[in-house]
Amino acid sequence: MMPEGLIAVFQALPYILQGSFVTIGIVLGAMGFGLAMGIPLALGQVYGSPPVRVAVRIYVWFFRGVPLLVLLFLFYFGFCSLLDINLSAFTVSVAVLGLISAAYQSQIFRGAIASLPAGQLKAARALGMSDAKAVWFIILPQALRLSIPAWSNEYSIVLKDSAVAYALGVAEIMARTHFVATRTYQHLPLYLAAGTIYLILTYAGTRGLRLLENKVRIRGYSR
Amino acid sequence: MENDPILRIEDIKKAYRAREILKGISLSISKGELKVLIGPSGGGKSTLLQCINFLVMPDGGDVWLEGRKVNPHRKRELYGYRQQVGMIFQDFNLFDHLSALQNVQIALLRVKGMDKKSARERAVAELERVGLGKHIDHYPAQLSGGQKQRVSIARALAMDPKVMLLDEPTSALDPELIGEVLAVIKNLVANGMTMIMATHQISFSSAFATEIIFMEDGLIVEQGPPSKILSSAECARTKEFCSKIYDLHGEGN
């Protein structure tokens, strides 16, 4: 039993590992998209006018409340055909995971911004800074530093969620593993291998973010 | 010309819902004067100072800087005005992610658009002036309260303000650190800086203030030169308040 399993894993490994590039592509795309959208959402929720705040809250409520799989099918099979646009399953996966991550990331940044002493914004304004400059030079550099631990958590969640892209036929780690497993019937060793690849990717990412956190730590603050 | 007020405010009003914090405050200050706001907490001193540079938007009233009325609803004008009015806060409000040098530099670079070299030179000079030449690379978390407040004074001075507003600059400090900050403020007085300061430092005020303004319940109750306001019988309310402070803190500053 065991030798066949090992042989199956070794034979399938290059094929599955190629899928890890697809997985990494989805995660980087979704996290980047979520970051680019999450920051403005957070700023809108903290500093925006009442209608803006309501809009952000509705956005967050929607994308945190609907299951990933439902959203993937809704966008891929629903909206894409309704609007008659032809997007690849990969693109839709990145977009949907990104839209969801933006909702979660906006709450990470919102919390970090809220935790900063309000007086710093006042001091920046008192020096003649516009609100945009104060946010860019004073608020965000501190809020983003504070966000790294929670952001690292979000990374590991998006990484694992990316396996659901399998349902749209994206050839990432999970899809490839499933493909091999149904042919070789070596489910146990193959899924163990897939799980191990995810663990390694989680470790690498969180470790990297931990290093970044230490690198940008503000001097004078204890760990 | 010398006696024309640099800054004049007229009938400043502010209410939070039904609570009136400022019930119409007017005052003016000429070059080189130090006007001290005293009075019980909650009397409106801090709100008044923040209304003067529109960190708190007044409900009514006007502010003139060098004879020009400030329109706070025009952003460019507001930002330009604030550059000329330095503000010192009770709890320093330093930018925690920036070193002392960067705290002083940032507005020179990002607001005044100075080049890096001159901004740095200016920031170093201001930090030296407040006695922190050896601490320019320290971060706020590595500085004592007195040092932080001196950085914040250097940060304001670097902008070449025409007036400075000081909101209880020593109230958050340990007693042994108050002296170093007062020494810096004393120096500003000697160099002719125009300042409005809210404080509980009665003896400092009586020694250096041009005028003491006693505020209570959103109104100016009594005002005048220290000699008059701290001793004469007509200023009974001020005297009573000051004697309570003396009881608490003794005769020292």
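Rules used in this analysis
The residue numbers shown here count from 1 along each chain, following its written sequence. A letter from A marks each chain and a number from 1 marks each ligand, given out in the order of writing. In keeping with the predicted nature of the model, local features appear solely for residues at pLDDT of at least 70, side-chain atom pairs appear and are counted solely at 80 or more, and the whole-chain, interface and lining totals rest on all residues. To get the side-chain values, take all heavy atoms of the structure and skip hydrogens and water. The predictor reports its confidence for every residue as pLDDT, a score running from 0 up to 100. The helix count covers DSSP runs of H or I at least four residues long, the strand count covers runs of E at least two residues long, and both are numbered beginning at the N terminus. Each residue gets one of three labels from its accessible area relative to the maximum for its type: buried under 20%, exposed over 50%, partly exposed in between, using a 1.4 Å probe on protein chains only. By definition, residues are in contact when any of their heavy atoms lie within 4.5 Å. When DSSP finds two or more bridges between a pair of strands, those strands are recorded as paired. Where helices are involved, their axes are fitted lines through C-alpha atoms of the stretch in contact, as for all axes, and angles between N-to-C directions lie from 0 to 180°. Each patch is built from salt-bridge-free residues with over 30% relative accessible area, joining like charges within 9 Å and nonpolar side chains (Val, Leu, Ile, Met, Phe, Trp, Tyr) within 5 Å. Note that accessible areas follow from Shrake-Rupley with a 1.4 Å probe, and for residues the cover is restricted to the protein chains shown. Counted as salt bridges are all cases of a side-chain nitrogen of Lys or Arg within 4 Å of a carboxyl oxygen of Asp or Glu. In summary, the charge assignment counts Lys and Arg as positive and Asp and Glu as negative, without counting His or the chain termini. Charged groups are reduced to one reference atom each: NZ for lysine, CZ for arginine, CG for aspartic acid, CD for glutamic acid. In this description, buried area is defined as the sum, over both parts, of the accessible area (probe of 1.4 Å) that is lost when the two are combined. Counting of polar contacts relies on pairs of N or O atoms within 3.5 Å, with two restrictions inside protein: one atom must be capable of donating a hydrogen and the other of accepting it, and residues adjacent in sequence are counted only when both atoms are side-chain atoms. Side-chain atoms within 4.5 Å link the members of a nonpolar core, which is a set of buried Ala, Val, Leu, Ile, Met, Phe, Trp, Tyr and Cys residues. The aromatic pairing rule takes the rings of Phe, Tyr and Trp, using the six-membered ring of Trp, and pairs them if the centres are within 6.5 Å, calling planes under 30 degrees apart stacked, those over 60 edge-to-face and the rest tilted. Working rule: Lys NZ or Arg CZ, within 6 Å of ring centre, within 35 degrees of ring normal, means a charge sits over the ring.

Remarks on the confidence of the model for chain B
- Looking at chain B as a whole, the pLDDT averages 92, with 94% of positions reaching at least 70.
- Of the two predicted TM-score estimates for the complex, the pTM is 0.89 and the ipTM is 0.92.

Some remarks on the environment of G32 of chain A
All names here are of chain A.
- Within the element layout of this structure, G32 appears in helix α1 (residues 2–47).
- A relative accessible area of 33% places G32 in the partly exposed class.
- Residues G32 and G98, 66 residues apart in the sequence, show an inter-C-alpha distance of 7.5 Å.

A look at the side chain of S93 of chain A
- Positionally, S93 of chain A belongs in helix α4 (residues 89–115).
- Ignoring anything within four residues of it in the chain, the contact list for S93 of chain A reads L72, A165, L168 and V170 of chain A.

Topic: the sheet that holds strand β5 (residues 68–69) of chain B
Residue and element names in this part refer to chain B.
- The strand order across the open sheet built from 4 strands is β2-β1-β4-β5, with neighbouring strands paired in antiparallel fashion. Two strands in the sheet have a free side with no partner beyond their single neighbour: β2 (19–30) and β5.
- As paired elements, strand β1 (residues 5–16) and β2 share 9 bridges and run antiparallel to each other. Residue pairing in the sheet places I9 in a bridge with L27 of β2.
- Along the sheet face, helix α1 (residues 45–52) touches β1, β2 and β4 (60–65) and points at about 120° away from the line of β1.

So, the sheet that holds strand β6 (residues 85–88) of chain B
All names here are of chain B.
- Taken together, 6 strands build an open sheet; the order of strands is β6-β7-β8-β3-β9-β10 and the sheet is mixed. A single partner strand is all that each edge strand has here, and the edge strands are β6 and β10 (219–224). Across the sheet, the mean angle separating the axes of adjacent strands is 20° when strand polarity is ignored.
- When strand β7 (residues 163–167) meets strand β8 (residues 195–198), the two strands line up parallel, connected through 4 bridges. Across the sheet, the residue bridging to L165 is I196, located in β8.
- Contacting β3 (34–38), β6, β7, β8 and β9 (211–216), α1 runs over the sheet at an angle of about 150° to β7.

Points about the pairing of β9 of chain B
Residue and element names in this part refer to chain B.
- The buried fraction of β9 amounts to 6 of the 6 residues, a majority that puts the element mostly inside the structure.
- Every second residue of β9 is oriented toward a common face, with E211, I213 and M215 on one face and I212, F214 and E216 on the other, all of them buried.
- Inspection of the sheet shows β3 paired to β9 by 4 bridges, in the parallel sense. The partner of K35 across the bridge, within β9, is E211.
- Counted between consecutive antiparallel strands, the loop separating β9 from β10 contains 2 residues, among which D217 sits at a positive phi close to 50°.

Some remarks on a positive patch on the surface
Residue and element names in this part refer to chain A.
- Where like charges cluster on the molecular surface, the positive patch consists of R53, R57, R64 and R110.
- Here R110 is to be found in helix α4.
- Under the relative-accessibility criterion, R110 is labelled partly exposed at 34%.

Observations regarding the interface of chain A and chain B
- Every contact between the two is made by 23 residues of chain A and, on the other side, 25 residues of chain B.
- Of the roughly 2,200 Å² buried between chain A and chain B on both sides combined, carbon and sulfur atoms contribute 64%.
- Run the count over chain A and chain B and you get 0 salt bridges.
- Our count for the chain A to chain B interface comes out at 6 residue pairs in polar contact (both at pLDDT 80 or more).
- Elements with a minimum of two residues in the side of chain A that touches chain B: α5 (119–126) and α6 (131–161) of chain A.

Brief notes about the nonpolar core
- L7, L48, I153 and M164 of chain B are the most contacted members of the largest nonpolar core, which totals 148 residues.
- Here the element with the most residues in this core is α4 of chain A; it accounts for 13 residues.

Describing unusual backbone geometry
Residue and element names in this part refer to chain B.
- Backbone geometry at E66 places phi at a positive 45°, although glycine is not the residue there.
- Topologically, E66 is positioned in the loop between β4 and β5.
- Note on E66: relative accessible area 46%, which makes it partly exposed.
- Located in the positive-phi region is N93, a residue other than glycine, with phi close to 55°.
- Here N93 shows up in the loop between β6 and α3 (100–110).

Concerning the packing of aromatic side chains
Residues and elements named next belong to chain A.
- Overall, the coordinates contain 9 aromatic pairs over all chains when judged by the stated rule.
- Relative to F63, the ring of F62 lies with its centre 4.9 Å away and its plane at 85°, an arrangement referred to as edge-to-face.
- Judged by relative accessible area, F63 falls into the buried class, the value being 9%.
- Feature note: the residues Y59, F62 and F63 constitute an aromatic cluster, connected by ring pairs.
- Looking at R183, its charged tip hangs above the ring of F179, at a distance of 3.8 Å from the centre.

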